[in-house]
Amino acid sequence: GRGTFVAGETPNRKKTSRKERLLKVIDLALEEAAELGFSPDDFLAFTVGRARERKQLLSTVRLAFVAPADDQSEYFRQELVAEAGVKVVPFLLSRVKDRPEEARQEWRSVDLIVTTLPHVEAVKQLAYPLEKPVVGVSLELELETIVRIARLPEGSTLALVCRDPAFAQGVSEALRGAGIIGIHIRPGTTAELKDILAGSDAVASSLDRLAQVKRLTDKEVIPLQYRLDTGSINMLRC
């Protein structure tokens, strides 16, 4: 009921392909182990032990995530804790720009600094002269969120509820980039919530404001869900 989509490679094919590649790596490692005089049971014991060590190591890693908006920062923290078990220390980009020396002092205790792709160079400059790696990730609105907004009748007014104006600006730009131009977007914060809901046909809300918004309106409420792409997660694992 969500429309028609171009079919990509199916998840099963991707999963099979990744599994086959991993099995080839394991087979090569087994052959190397045999040449070194180790049995399959030895290999199994070493592998399980090594994987546990890596898992334990990940639980001690600290990442600083520098986000353009608080809402994105919270999403990233929840996603990565669930995915890899690492500790994420959030930073707001505007705060780092205002107080760079203070941010650099806090970054001394982290292993890696992560930000969104468009802000990598700016964060590298702000981190200098710290010798900390800075990497970029792709953090975008979920396709389902964009599709639900695109299905609103042309000329509709959409209330955009979040706690950070920078987040609202990013959402507006993402929707324009997706070709959604026939909908009037009214961004607003919690302080303006009742007024902005009253003059809107539908509502899009950041996840932290979702329950509050649903209590205040019977209009359609669209969660603003973000997605951290698989490539970004795998890169961070490495």
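Sequence order as written defines the numbering, with residues in each chain counted from 1. Local features in a predicted model are, by the rule used here, given only for residues with pLDDT of at least 70; side-chain atom pairs are given and counted only at 80 or more, and totals for whole chains, interfaces and linings are based on all residues. Based on all heavy atoms of the structure, the side-chain values leave hydrogens and waters out of the count.

A. Geometry of the overall build of the protein. Looking only at helices and strands, the protein features 11 helices and 10 strands. Each residue gets one of three labels from its accessible area relative to the maximum for its type: buried under 20%, exposed over 50%, partly exposed in between, using a 1.4 Å probe on protein chains only. Counting over 238 residues, the protein shows a buried share of 36%. Reported accessibility uses the Shrake-Rupley method at a 1.4 Å probe radius. Residues are deemed covered only where the shown protein chains occlude them. Per element, the accessible surface of the protein, about 14,800 Å² overall, is 52% carbon and sulfur. Helix numbering and strand numbering both begin at the N terminus, where a helix is a DSSP run of H or I of at least 4 residues and a strand a DSSP run of E of at least 2.

B. Fine view of the pairing of strand S4 (residues 134-137). Strand pairing is defined by DSSP finding a minimum of two bridges between the two strands. Both strand S3 (residues 112-116) and S4 contribute to a ladder of four bridges, which runs parallel. The partner of Ile113 across the bridge, within S4, is Val134. The handedness of the S3 to S4 crossover, carried by helix H6 (residues 120-127), is right-handed. Handedness of a crossover: with both strands directed away from the viewer, a clockwise path from the first strand across the helix to the second marks it as right-handed.

C. Here's a closer look at the sheet that holds strand S9 (residues 221-224). Sheet architecture is open: four strands sit in the order S7-S6-S8-S9, paired in parallel fashion. In this open sheet, the two edge strands, each paired with only one partner strand, are strand S7 (184-188) and S9. When strand polarity is set aside, the average angle formed by the axes of neighbouring strands in this sheet is 25°. Two elements, strand S6 (residues 157-161) and S7, share five bridges in a ladder whose sense is parallel. Directly across from Leu158, in S7, lies its bridge partner Ile185. It only takes one pair of heavy atoms within 4.5 Å for two residues to be counted as in contact. Convention adopted: a line fitted to C-alpha atoms gives each axis, helices being fitted over their contacting stretch, and angles between N-to-C directions are expressed from 0 to 180 degrees. Where helix H7 (residues 143-150) meets the sheet, it contacts S6, strand S8 (202-206) and S9, and its direction lies at approximately 150° from that of S9.

D. Geometry of the layout of surface pockets. Think of a 1 Å grid over just the protein atoms. A cavity is a set of points where a 1.4 Å probe fits yet cannot get out, a pocket is an open set with protein on both sides within 12 Å along at least five of seven lines, and lining residues have an atom within 4 Å of a point. Grid points are joined across faces, edges and corners, and a volume is the space filled by probe spheres set on the points. Considering only enclosed or pocket space, the second largest pocket measures out at about 480 Å³ in volume. As for the second largest pocket, its lining consists of 20 residues, and the residues nearest its centre are Gln72, Pro118, Leu139, Gly170 and Tyr226. Secondary structure elements with two or more residues in the lining of the second largest pocket: strand S5 (139-141) and helix H8 (165-177). For the lining of the second largest pocket, the element with the highest residue contribution is H8, accounting for six residues. Classifying every residue of the lining of the second largest pocket gives 12 nonpolar, six polar and two charged. Residues were grouped as follows: Ala, Val, Leu, Ile, Met, Phe, Trp, Tyr, Cys and Pro as nonpolar; Asp, Glu, Lys and Arg as charged; and all remaining residues, including Gly, as polar.

E. Region of the structure containing the nonpolar core. To define a nonpolar core, start from buried Ala, Val, Leu, Ile, Met, Phe, Trp, Tyr and Cys residues and group those joined through side-chain atoms within 4.5 Å. Grouped together as the largest cluster of nonpolar side chains are 34 residues, with contacts concentrated most on Phe65, Phe76, Val114, Ile149 and Val171. It is H8 that contributes the most residues to this core, four residues altogether. Ignoring any residue separated from it by four or fewer positions in sequence, one finds Ile149 in contact with Leu158, Leu175, Ile180, Ile183, Ala204 and Ile222.

F. Region of interest: helix H2 (residues 40-58). Counted at 1.5 Å a residue, the expected span for H2 with its 19 residues is 27 Å, and the 27 Å between its end C-alpha atoms agrees. The element H2 is barely covered by neighbouring structure, given that only one of its 19 residues are classed as buried. One less than the number of residues in a helix, times 1.5 Å, gives the span that helix is expected to have.

G. Highlighting the side chain of Thr115. Along the chain, Thr115 falls in strand S3. A polar atom in the side chain of Thr115 sits 2.7 Å from the backbone oxygen of Val66. Whenever two N or O atoms come within 3.5 Å, that pair is a polar contact, provided that in protein one can donate a hydrogen and the other can accept it, and provided that, for residues adjacent in sequence, both atoms are side-chain atoms.

H. A look at a nonpolar patch on the surface. Together, Leu22, Leu23, Val25, Ile26 and Leu30 give the surface a local cluster of nonpolar side chains, amounting to about 400 Å² of exposed area. Within the element layout of this structure, Leu23 appears in helix H1 (residues 11-35). Overall, Leu23 belongs to the partly exposed group, its relative accessible area being 41%. Patch building starts from residues that exceed 30% relative accessible area and form no salt bridge, then joins like charges within 9 Å and nonpolar side chains (Val, Leu, Ile, Met, Phe, Trp, Tyr) within 5 Å. By definition, a salt bridge exists where a carboxyl oxygen of Asp or Glu is found within 4 Å of a side-chain nitrogen of Lys or Arg.

I. Geometry of the packing of aromatic side chains. Each aromatic pair joins two rings of Phe, Tyr and Trp (for Trp, the six-membered one) with centres within 6.5 Å, and gets the label stacked for planes under 30 degrees apart, edge-to-face for over 60, and tilted for any other angle. The final tally for this structure, using the stated rule, is two aromatic pairs. Between Phe38 and Phe46 the ring centres are 5.4 Å apart and the planes differ by 85°, which places this aromatic pair in the edge-to-face class. A residue is classified by how much of its surface remains accessible, and Phe38, at 37% relative accessible area, is partly exposed. On the basis of relative accessible area, Phe46 is assigned to the exposed category, the value being 52%. Here the aromatic rings of Phe91 and Trp107 are separated by 5.7 Å at their centres, their planes lie at 75°, and the arrangement is edge-to-face. Of this pair, Phe91 sits in strand S2 (residues 87-92) while Trp107 sits in helix H5 (residues 100-107), and the two are 16 residues apart along the sequence. The pair Phe91 / Trp107 is uniform in exposure class, with both members buried.

J. Representation of the packing of H5 against H6 within the structure. As a packed pair, H5 and H6 sit with axes 9 Å apart at the nearest point and diverge in direction by 85°. By the criterion of interaxial angle, the relationship of H5 to H6 is roughly perpendicular. Facing H5, whose interface residues are Pro100, Arg104 and Trp107, H6 presents Val123, Leu126 and Ala127. Within the contact of H5 with H6, the residues separate by chemical class into five nonpolar, no polar and one charged. For classification purposes, angles smaller than 35 degrees are called roughly parallel, those larger than 145 roughly antiparallel, those between 65 and 115 roughly perpendicular, and all remaining angles oblique.

The analysis is restricted to geometry; functional conclusions fall outside its scope.
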